[in-house]
Amino acid sequence: MSRRIKVGMVCYPSHGGSGIVATELGLALAAKGCEVHFISYAPPVRLKGYAENVQFHQVFTDNYPVFHHPPYTLSLASKIVEVAELHDLDLVHAHYAVPHATCALLARQMLEDRSLKTVTTLHGTDITLVGVQPSFHTVVRFSIQQSDGVTVVSRWLLERTIEAFGLGRDIEVIPNFVDTQRFAPRRRAFDGPFITPERKVIMHASNFRKVKNIPGVIGVFRNICEAVPSNLVLVGEGPEIAHARELVRLHGLDRDVYFLGIQDAIEELFPCVDLLLLPSEHESFGLVALEAMSCGVPVIATDRGGTREVVESGVTGFLSDPSDHQGMARWAIDLLRDPGRWTEVSRAARARAVQGFDESRIVDRYLAYYESILG
Ligand code: GMT
């Protein structure tokens, strides 16, 4: 690295993919010598313990009875200004357009010395579900247009962004990545009630929103477990979790489905998992699919979106229309019944993660991008 870049990393602190990518990126940049300042309303979930070159700055929002909602956006912009001035930041990297990209622009404008650069990474739903809403469209378009640099996590998301906003600016595709040493194939690490020698373990992990197609997860699992004795492990929390419980009850699957809630270290679960299900309505990338593949876990996922750039259907897993429960289950059953084939797919999945998405190489691409923006 030619210079010590000082970065403000603005992200959601929760278990969503954008916050995880931001945190892993910040930590990896710090390990490569950058000074990284995370800015959010709570410490990001993957930010644990002390790390050299890393600081966390919490945004507090003041309230007043006339506010319908406390104006977090303004408090965040002010905090970015404070951190930028105090630590002489070179750039602020906003993960997720709403409202982070807009706050970064406001902060850039508020700083007397206007040298702070802004980079925005679009993650998916900030464009496909949020940015396209009439109340956000204009401000998201403005924020993308005005950022000094913009990246997207897949070619598919680049196309959706251009389609939704008709932009005439450069946008760089930098895919998500995985620490292939931490997320590595291992033997079963522990025993749990859902791990029994005679049953396969199928996992779904998400923020349980509508886009994740929870009825699809349960539907595919039902078909699998009619043919191959299996347990389904559901990791995460979100608005659709109650619906998931209802479907499980309705289909009499109570003894086969385990709700694990939010798990901070998903890499510790993968060694017990035979298959990951991600049949979302669409997925701009599918970070959890990549993390599973890196651990040698075959993935069955939606063919709508950037997952096509991650999973090679028939080789490292299987992609299909999210409504094709039978097709997905058929592929799963064949794989689970054939240990030789399972090992082949598992190895191909791991190889694809290592060759295409290893953390170090992708983080270098972000570094080169920062350097090009900083001139
Ligand atoms: O839907 C989620 O899983 C959360 C969301 C987020 O922004 O936190 O995920 C989006 O960003 C991830 C990281 O880049 C991608 O891996 C996910 O595919 C994307 N989700 C969707 O496009 C639905």
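Look a little higher up for the structure.
Residues numbered from 1 in each chain as written. Predicted model: local features only at pLDDT ≥ 70, side-chain atom pairs only at ≥ 80, totals over all residues. Heavy atoms only, no water.

1. Brief notes about the sheet that holds strand E3 (residues 54–58)
A sheet is described by the order of its strands in space; here 7 strands give the open sequence E3-E2-E1-E4-E5-E6-E7, paired in parallel fashion. Taken across any chain shown, the strands that pair with only one partner, and hence form the sheet edges, are E3 and strand E7 (172–173). Taken together, the 4 bridges between strand E5 (residues 117–122) and strand E6 (residues 149–152) define a ladder with parallel strand orientation. Bridge pairing links Thr 121 to Thr 151 in E6. (Pairing = 2+ DSSP bridges. Helix = DSSP H or I, 4+ residues; strand = E, 2+ residues; numbered from the N terminus.)

2. Remarks on the environment of Arg 187
Assignment of secondary structure puts Arg 187 in the loop between E7 and strand E8 (200–205). The spatial distance from the C-alpha of Arg 187 to the C-alpha of Leu 253 is 27 Å, given a sequence separation of 66 residues.

3. Side note on helix H12 (residues 359–374)
Helix length check: H12, at 16 residues, gives a terminal C-alpha distance of 22 Å against a target of 22 Å (1.5 Å per residue), a fit within 8%. Of all the positions in H12, only Glu 359, Ile 362, Val 363, Tyr 366, Leu 367, Tyr 369, Tyr 370, Ile 373 and Leu 374 are classed as buried. Taken around the axis of H12, the buried residues stretch over an arc of 160 degrees, which confines them to a single face. Directly after H12, the chain includes Gly 375, whose backbone phi takes a positive value near 70 degrees. (Expected span 1.5 Å × (residues − 1). Buried < 20%, exposed > 50% of the residue type's maximum accessible area, 1.4 Å probe, protein only. Arc of directions from axis to C-beta.)

4. Considering the environment of Leu 336
Looking at where Leu 336 falls in the secondary structure, it is placed in helix H10 (residues 325–336). Residue classification places Leu 336 among the buried positions, given a relative accessible area of 8%. Leu 336 sits 136 residues away from Lys 200 along the chain, and the two C-alpha atoms are 7.7 Å apart. The residues touching Leu 336, leaving out its near neighbours within four places in the chain, are Lys 200, Ile 202, Ile 224, Val 228, Asp 274 and Leu 275. (Contact = heavy atoms within 4.5 Å.)

5. Looking at the site of the ligand
Every one of the 17 residues lining the ligand counts as a neighbour, but Ser 18, His 123, Asn 176, Glu 283 and Ser 284 are closest to it. Contacts to the ligand include His 123, whose side-chain N or O atom sits 2.7 Å from an oxygen atom. In the complex, the protein chains occlude 93% of the 480 Å² of accessible area that the ligand would expose alone. Among the elements that take part in the shell around the ligand, helix H1 (residues 17–31) stands out by supplying 3 residues, more than any other. Per-class residue counts for the shell around the ligand are 5 nonpolar, 10 polar and 2 charged. (Near = heavy atom within 4 Å. Polar contact = N/O pair within 3.5 Å; in protein donor to acceptor, adjacent residues only side chain to side chain. Areas by Shrake-Rupley, 256 points an atom, 1.4 Å probe, with all protein chains shown as cover. Nonpolar A, V, L, I, M, F, W, Y, C, P; charged D, E, K, R; others polar.)

6. Some words on a nonpolar patch on the surface
Judged by side-chain polarity, Tyr 64, Val 66 and Phe 67 come together as a nonpolar surface patch covering roughly 320 Å² of accessible area. With respect to the helices and strands, the residue Val 66 is situated in the loop between E3 and helix H2 (72–87). (Patch = residues over 30% accessible without salt bridge, like charges linked within 9 Å, V, L, I, M, F, W, Y side chains within 5 Å. Salt bridge = Lys/Arg side-chain N within 4 Å of Asp/Glu carboxyl O.)

7. Concerning the nonpolar core
Counting 48 residues, the largest nonpolar core has Leu 122, Ile 144, Met 203, Phe 270, Leu 276 and Val 299 as its most contacted members. The biggest single contributor to this core is helix H9 (residues 287–294), with 5 residues. Not counting the four nearest positions on each side in its chain, Phe 270 is found in contact with Phe 183, Met 203, Leu 276, Val 288, Glu 291, Ala 292, Cys 295 and Val 297. (Core = buried A, V, L, I, M, F, W, Y, C linked by side-chain atoms within 4.5 Å.)

8. Let's talk about the sheet that holds strand E13 (residues 317–320)
The 6 strands are arranged E10-E9-E8-E11-E12-E13 in an open sheet whose pairing can be described as parallel. Every interior strand has two partners, whereas the edge strands, strand E10 (257–261) and E13, have only one. When the angles between neighbouring strand axes are averaged without regard to direction, this sheet yields 20 degrees. (Axes fitted to C-alpha atoms, helices over the stretch in contact; angles between N-to-C directions.)

9. Quick word on the packing of aromatic side chains
Following the criterion strictly, the structure yields 6 aromatic pairs and no others. Between Tyr 64 and Phe 67, the ring centres sit 6.3 Å apart and the planes meet at 70 degrees, which makes this aromatic pair edge-to-face. Judged by its relative accessible area of 34%, Phe 67 is partly exposed. Their ring planes at 10 degrees and their centres at 5.3 Å tell us that Phe 318 and Trp 331 sit as a pair that is stacked. You can see Phe 318 sitting in strand E13 and its partner Trp 331 sitting in helix H10, a full 13 residues away along the chain. On the basis of relative accessible area, Phe 318 is assigned to the buried category, the value being 17%. Across from the ring centre of Phe 259, 4.1 Å away, lies the NZ or CZ of Arg 245, which sits over that ring. (Phe/Tyr/Trp six-rings, centres within 6.5 Å; stacked < 30°, edge-to-face > 60°. Lys NZ or Arg CZ within 6 Å of the ring centre and 35° of its normal.)

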